[in-house]
Structures are given as C-alpha cells and as structure tokens.
Amino acid sequence: MLKTWCWRILGGLLLLLTLLAAYLLLAPVPVNPVAWQATPFTGYAPPHARNEQLAALQLIRIGAETGPEHIALGPDGWLYAAVSSGAILRMQPDGSQQETWVNTGGRVLGFAFDAHGNLIAADAYRGLLQISPERQISVLLDQVDGTPLLYADAVVVARDGKIYLSDASQRFGAREYGGTFQASVLDILEHSSTGRIIEYDPVSRQAHVIADQICFANGIALSQDEQSLFVAETGEYRVWKIALHAPVLHLKNKADRKRAQPVLRDLPGYPDNLMRGLDGRIWVGLAKPRGAAIDGMADKPWLRSITLRLPRFLWPVPPAYGHVLAFDENGKIQRDLQDPSGKYPETTGVTETPERLYIQSLHAQGIGWMPNPARRR
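Residues numbered from 1 in each chain as written. Predicted model: local features only at pLDDT ≥ 70, side-chain atom pairs only at ≥ 80, totals over all residues. Heavy atoms only, no water.

Asks: Would you explain the overall build of the protein in this entry?
Replies: Regarding its fold elements, the protein presents four helices and 27 strands. Taken over the C-alpha trace, the protein has a radius of gyration of 22 Å; the compact-globule value for 377 residues is 21 Å, and the two agree within 12%. C-alpha atoms of the protein, sized along the principal axes, occupy 85 × 45 × 40 Å. With 377 residues in all, the protein has 56% of them scored as buried. A fraction of 54% describes how many contacts in the protein between residues 6 or more apart in sequence connect residues 24 or more apart. For the protein, the distance from the average site of its 37 positive side-chain charges to the average site of its 37 negative ones is 7 Å. (Helix = DSSP H or I, 4+ residues; strand = E, 2+ residues; numbered from the N terminus. Rg over C-alpha atoms; globule rule 2.2 N^0.38 Å. Buried < 20%, exposed > 50% of the residue type's maximum accessible area, 1.4 Å probe, protein only. Contact = heavy atoms within 4.5 Å. Lys, Arg positive; Asp, Glu negative; His and termini not counted. Charge placed at Lys NZ, Arg CZ, Asp CG, Glu CD.)

In structure tokens form, the structure reads like this:
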C-alpha cells in the first residue's frame, strides 16, 4: 500500500513538472525576441566611478502624485512637472504654490515650450499634444506615415519652430501593454528595434520619420547649432548624435551608420531623458543600472521568452540605483552623480538652473533636488 502511494505521488510530481516545462516552453508571450550582441560592460569605472554625490537629495513633496518623469522651467518662470496621473503640475521653483495646471488624460513623458508659450507634450497614450497658455489641449499628431504613435516619449522644439519627437516603440503601446514602464520592459526584452524619431512642421502640419530602427527611442536634445539631434537608445546603453536635414537614417543599416555617431556607448545603465543644461552641458538620467542577467540573455531569445512566462516579480528588472550624468557634445563626461542606495528611484533626467539641479523620476513620490555644484565654483 505504501509503495502504491509513493508511486502515485511520484507520478503526480512528474506530471506537474511536465506541465510546468510545457508552460515555460510553449505558453504564448507578447514578445518575439530578437538575438543581439551586448556591448562590453566595464562596470563602475572612470568616468563612472561609483560615488554617493546624489545621495543627499532634498525633496519637494507633490501630495498624492507620483512619477515626476519630466520637469522644466516655463517661460513664466514657474516649474512644470509631468506626473503619472496625467497631470502637469505647476509651482514656484522652491516647490511652493503648487497646482494642477492641466491633466491630459494620458501620460506625458516629455514636454517643451515653443516661441508662443505653448507647451508641446509627448503623451505616451495620446501622441503629440499642444497645450496653450490658456490650458486648451489639442492633438497635433497621433500617426505618421500611416502608422499610429504608440509610445510618444520625448520632444524638443527648434528655433525655427519645427518639433522633434521620439516614438519609443511601434510594437508595445504604453496604453495597450499596462503602462509606460511595463511596455518599455517588453520592448527592450524583445529588442526588435522599432523606435523612431519624427519631425513635425506645425506650419505645414506635415510629419515624417527622420531616423528609425532604434531599440527604444527615448530622450532627445538638439545640438547648439541645431544641425544635429542627440538620441538616447535605451535598449543598447548609448546616446547617438544624428544629422538633421538628411535622408532617413536606419540605425541598424551599417551604411547608414556612417551618418550617425555614438557619442556615449557602453553606459552602466539605461539612458532615459536628455536635457540641455548650462554651459553647453547635456544631462542624461540612467533609469536603471545595467545587469549581467539581461546582457547574458542578449544572444538567447528563447531564454527571454521563458523569462516572461515567470511571475512578474521574477522578471530580471534591475534594482533601483540613482545615477545622472552630464556630457558635452563630443561625449566627454563632465558630471557623474550617483546614489547606489536607489532611495530616489528611476532617475530619468535632470533639469539644471543656476541655483539647482532638479532630478526627474519615473516612480518617485516627489521632486528630488540639490544645490547646483557649479554655483559653488
């Protein structure tokens, strides 16, 4: 009798193991991973030597709001911050007199002001928006070349009025795939490189793609002469400098890459927003640190599929690690500020004023800031 029960238990365990193996190998997942070659990771070595210069951030509370993903000073001298509820907050530079200036009903990830005082927003759910000083919202662009904007991410406005926008993914829309963070994880794990950069002319109301084949096209910034655009390619740990006013650039095409220059490569984390600072600096936030687990799966697409069949808490999402850095237009690192504790999570970028550095975040419950180190020099 005991032997019979033992055999039944063993048979049941084998059946469970068989079902588990079948699930891990065969269950449908939303991604179709592509093999790629991860660049060498040198760790936290100069110019990214580990430090704690970001650890003493002060916090501007924003009530029940979270995720001040993008922050900028407006032409009125007020500080604006886009948060996860879809609101754009407005406040004095010290955080006082806070108000909800507008709510788009989506999720603004980047914005800039044009010469008329309009706030031009990249809304991950709705596309490219214009918000007038009177707080009237209009959609400028929600598709280009017959394909919808699934993940409008960052935007800059040139002196001639033209608008440049990153569409992070044509595969994983932020609304359809559980929000901006989950959609970004899926896109980077799949690595199909469908991100693109779009130019929009508000006079002719025409738009066209100027660069594509980017693995999660994220932050963008114009060069000082506005002849080039800096583009953060989050999924491959680098920042490109691409020429404007040229034929469409396909970044996975080796011939086309002659017209693009990686000014930062092999970064120790995932580059997010790009923001022009003072004295020619460009700031970039590294939202998460780089991890050996994900790099190790670069050439193993089947393993990435298995990973997504695990419970979400087992996904190889790197831990929180505060990290922002500034570089010049040639890619020379000028500042590197870190907080290994990750107390202020997902540092997506920096807004620099003469007095302060405001630190942006995808999930924080306030706006981090510190006195600008340059002011003390």
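Asks: Where do I start with the layout of surface pockets in this structure?
Replies: Remark: the empty space left among the atoms is shown by a probe the size of a water molecule rolled over them. Of the volumes computed, that of the largest pocket is approximately 840 Å³. Forming the boundary of the largest pocket are 34 residues, of which F111, A112, F113, V156 and V157 lie nearest the centre. Put simply, the parts of the chain that give the lining of the largest pocket at least two residues each are β2 (70-73), β6 (108-113), β12 (152-157), β16 (217-222), β21 (269-276) and β25 (347-352). Its residues assigned to classes, the lining of the largest pocket shows 19 nonpolar, 10 polar and five charged. (1 Å grid on protein atoms, 1.4 Å probe; cavity = no way out; pocket = protein on both sides within 12 Å on 5 of 7 lines; lining within 4 Å. Points joined across faces, edges and corners; volume = space filled by probe spheres on them. Nonpolar A, V, L, I, M, F, W, Y, C, P; charged D, E, K, R; others polar.)

Asks: Please clarify how the pattern of salt bridges should be interpreted in this entry.
Replies: Once their charged atoms are close, side chains differing in charge can pair, the charge on each being opposite to the other. A full pass over the atoms with the stated rule returns 16 salt bridges. Salt-bridge contacts for E99 lead to R90; the nearest nitrogen and oxygen are separated by 2.7 Å. You can call E99 partly exposed: its relative accessible area is 26%. Take R90: its relative accessible area is 16%, and that puts it in the buried class. Beyond isolated ion pairs, a larger network of salt bridges with shared partners links D76, R90, E99 and R135. (Salt bridge = Lys/Arg side-chain N within 4 Å of Asp/Glu carboxyl O.)

Asks: I tried to follow the pairing of β25 on my own but got confused; where do I start?
Replies: A regular strand carries its side chains on alternate faces of the sheet. In terms of burial, β25 is largely enclosed, as six of its six residues are buried. Bridging between β25 and strand β26 (residues 356-361) involves five bridges; their strand directions are antiparallel. Each bridged residue has a counterpart across the sheet, and for T347 the counterpart in β26 is S361. In this antiparallel pair of consecutive strands, β25 and β26, the connection spans three residues. (Pairing = 2+ DSSP bridges.)

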